[in-house]
Amino acid sequence: MEKSGIAVAGSILVDKINEISRYPECGELTQIAKIDKAVGGCVPNVAIDLKKISSDVEISAIGKVGDDVDGEFVKSEMQKSGVNVDGFKVTENDLTSFTEVMSVKGGQRTFFTYAGASADFGVDDIDFDNLNCKILHLGYFLLLAKVDNGDGEKILKKASEIGIKTSIDLVSENSDRYACVLPCLKYTDYLIINEIEAGKLAGIEPTDENLEAIAYKLKGLGVREKVVIHKFDRAVCLSDEGYSVMAAYDVPREYIKGKTGAGDAFCAGTLIGIYKNLSDEQILDLASACAIMALGAPDATSGLVSGEKALDFCKNLGRMKI
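Keep in mind that what you see is a predicted model, and the values were worked out from it rather than measured.

### A look at the sheet that holds strand β13 (residues 242-247)
If you trace the 9 strands from one edge of the open sheet to the other, you get β5-β4-β1-β8-β9-β10-β11-β12-β13, paired in mixed fashion. Every interior strand has two partners, whereas the edge strands, β5 (84-91) and β13, have only one. For this sheet, the mean angle separating the axes of adjacent strands, direction not counted, is 15°. Examined bridge by bridge, strand β1 (residues 6-10) and strand β8 (residues 135-141) share 5 bridges and lie parallel to one another. Each bridged residue has a counterpart across the sheet, and for Val8 the counterpart in β8 is His137. The strands touched by helix α2 (residues 69-80) within the sheet are β4 (59-66) and β5, with β5 carrying the most contacts at an inclination of about 175°. Sheet strands in contact with helix α3 (residues 145-161) are β8 and β9 (165-170), and its direction is about 175° off that of β8.

This is the structure we're talking about:
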């Protein structure tokens, strides 16, 4: 049977957003005026975005949650979006991963995160015998303990052996832990990361002038098909088609309601473009348009629309100068 659809595996968490009037000094008390809850992490964000961008593509989610209210919340939110959550593993050994966000109204946010069940996600949590997808996207590296310590490579290798294309992304971290990702690149078909992560992974300063050298270095380190690097003003793709560069769409500052979901939206647009066999330039265009839609909403996923609507929205926008 021919494989179809896209599966997203890895980081799952709940964002608990607490609105406060100001951040207290040590020993002080401040009242929480409002509490919101939203799904977060690679799996919910990218999977929900994928379904919104292209509702005709079957999207499935794979990861680990706790046997708790937060775990049920994530499953419910994803099911409402049409994402298949049969690949969720529920553990009684830990809580669903979460982040407590302290948000000063109109100001900065502070984050307190609990690693939780996602940190224990690994190769044994995937049912490869029944994994029927064309592409498996695994993220976020550097946030998943088992994945970072060998299971990521095992997951990508097993998926490759059964004919599934593989894709990965990372979180931005100021550390030397990027080396743990390097052995995975030989089992990675599509690497989709930002310029900071790309520079750290390649060991090259991530300046605009160095993006092409970084892309070629990462391809040389093992990435099999496409290296895609995005930053706020441009995106690049290196593949057998060559090296492509596309300036980002330019929007008025007042349009931007939040930036947290833009990277995941770009990733989802890239995956849909790859899935539908678009050219590299078309992939970058779709991904850039999806990122723009994400910027128009305060949370990670509610701004996303179909790929056609995203491109239509952007067709009258200018592009940033690069």
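### A closer look at the sheet that holds strand β2 (residues 13-20)
With mixed pairing, the 4 strands of this open sheet are ordered in space as β3-β2-β6-β7. The open sheet has two edge strands with one neighbour each: β3 (32-40) and β7 (109-114). With direction set aside, neighbouring strand axes in the sheet form an average angle of 20°. Pairing of strand β6 (residues 98-104) with β7 involves 6 bridges; the strand directions are antiparallel. The residue of β7 that forms the bridge with Ser103 is Arg109. Running at roughly 60° to β3, α2 makes contact with β2, β3 and β6 of the sheet.

### Some words on the packing of helix α7 (residues 280-295) against helix α8 (residues 307-314)
Each pair of packed helices can be summarised by the angle the axes make with each other and by the distance between the axes. Relative to each other, α7 and α8 sit at 80°, their axes nearing to 9 Å. In terms of their interaxial angle, α7 and α8 are classed as roughly perpendicular. In this structure, α7 contributes Asp285, Leu286, Ala289, Cys290, Ile292 and Met293 to the contact, and α8 contributes Gly307, Ala310, Leu311, Phe313 and Cys314. Across the contact of α7 with α8, the residue classes break down as 9 nonpolar, 1 polar and 1 charged.

### Notes on the packing of aromatic side chains
Taken as a whole, this structure holds 2 aromatic pairs when the rule is applied. Sitting over the ring of Phe73, Lys37 keeps its end group 4.9 Å from the ring centre. One Lys or Arg, Arg319, reaches over the ring of Tyr249 and ends 4.0 Å from the middle of that ring.

### Remarks on α8
Considered for burial, the residues of α8 that qualify are Gly307, Ala310 and Cys314. What you see down the axis of α8 is that its buried residues fit within an arc of 60°, all on one side. Facing away from the buried side of α8, by more than 90 degrees, are the exposed residues Glu308 and Lys309. If you follow the buried residues of α8, they end up packed against α1 (42-53) and α7.

### Description of the layout of surface pockets
Of the pockets and cavities examined, the second largest pocket occupies roughly 320 Å³. Lining the second largest pocket are 17 residues, and of these Ser60, Asp86, Gly87, Asn130 and Leu131 sit closest to its centre. For the lining of the second largest pocket, the secondary structure elements donating two or more residues are β4 and β5. The biggest single contributor to the lining of the second largest pocket is β5, with 4 residues. Of the residues assigned to the lining of the second largest pocket, the class counts are 5 nonpolar, 7 polar and 5 charged.

### Thoughts on the pattern of salt bridges
Under the defined criterion, the tally for this structure stands at 23 salt bridges. Among the ionic pairs, Asp148 bridges to Arg177, the shortest N-O distance being 3.4 Å. Of this pair, Asp148 sits in helix α3 while Arg177 sits in the loop between β9 and β10 (190-194); the two residues are 29 residues apart in sequence, bridging distant segments of the chain. For Arg177, a relative accessible area of 33% translates into the label partly exposed. Measuring nitrogen to oxygen at the nearest pair gives 2.4 Å for the salt bridge that ties Glu225 to Lys165. Taken together, the positions of Glu225 in the loop between α5 (211-220) and β11 (226-231) and Lys165 in strand β9 put the pair 60 residues apart, joining distant regions of the chain. A relative accessible area of 25% places Glu225 in the partly exposed class.

### Remarks on the nonpolar core
The nonpolar side chains of a soluble globular protein tend to be buried with one another. Core analysis: the largest hydrophobic core is formed by 87 residues, its most contacted members being Met78, Leu136 and Leu191. Per element, the largest residue contribution to this core is 8 residues, and it comes from helix α6 (residues 262-275). Those residues within four positions of Leu191 in sequence are excluded, and the remaining contacts are Ile168, Leu170, Leu185, Leu201, Leu218, Val223, Lys226, Val227 and Val228. Core analysis: the second largest hydrophobic core is formed by 10 residues, Val251, Ile292, Leu295 and Ala310 among them.

### Things to note about the pairing of β10
Taken across its 5 residues, β10 has 5 buried, putting it largely inside the fold. The alternating pattern of β10 places Tyr190, Ile192 and Asn194 and Leu191 and Ile193 on opposite faces, both of which are buried. Relative to β10, β9 runs parallel, the two being bridged by 2 bridges. For Ser167, the partnering residue across the bridge sits in β10 and is Tyr190. In terms of strand pairing, β10 meets β11 through 5 bridges, oriented parallel. Bridged to Ile193 within β11 is Ile229.

Procedures and definitions
Residues numbered from 1 in each chain as written. Predicted model: local features only at pLDDT ≥ 70, side-chain atom pairs only at ≥ 80, totals over all residues. Heavy atoms only, no water. Pairing = 2+ DSSP bridges. Helix = DSSP H or I, 4+ residues; strand = E, 2+ residues; numbered from the N terminus. Axes fitted to C-alpha atoms, helices over the stretch in contact; angles between N-to-C directions. Contact = heavy atoms within 4.5 Å. Parallel < 35°, antiparallel > 145°, perpendicular 65-115°, else oblique. Nonpolar A, V, L, I, M, F, W, Y, C, P; charged D, E, K, R; others polar. Phe/Tyr/Trp six-rings, centres within 6.5 Å; stacked < 30°, edge-to-face > 60°. Lys NZ or Arg CZ within 6 Å of the ring centre and 35° of its normal. Buried < 20%, exposed > 50% of the residue type's maximum accessible area, 1.4 Å probe, protein only. Arc of directions from axis to C-beta. 1 Å grid on protein atoms, 1.4 Å probe; cavity = no way out; pocket = protein on both sides within 12 Å on 5 of 7 lines; lining within 4 Å. Points joined across faces, edges and corners; volume = space filled by probe spheres on them. Salt bridge = Lys/Arg side-chain N within 4 Å of Asp/Glu carboxyl O. Core = buried A, V, L, I, M, F, W, Y, C linked by side-chain atoms within 4.5 Å.

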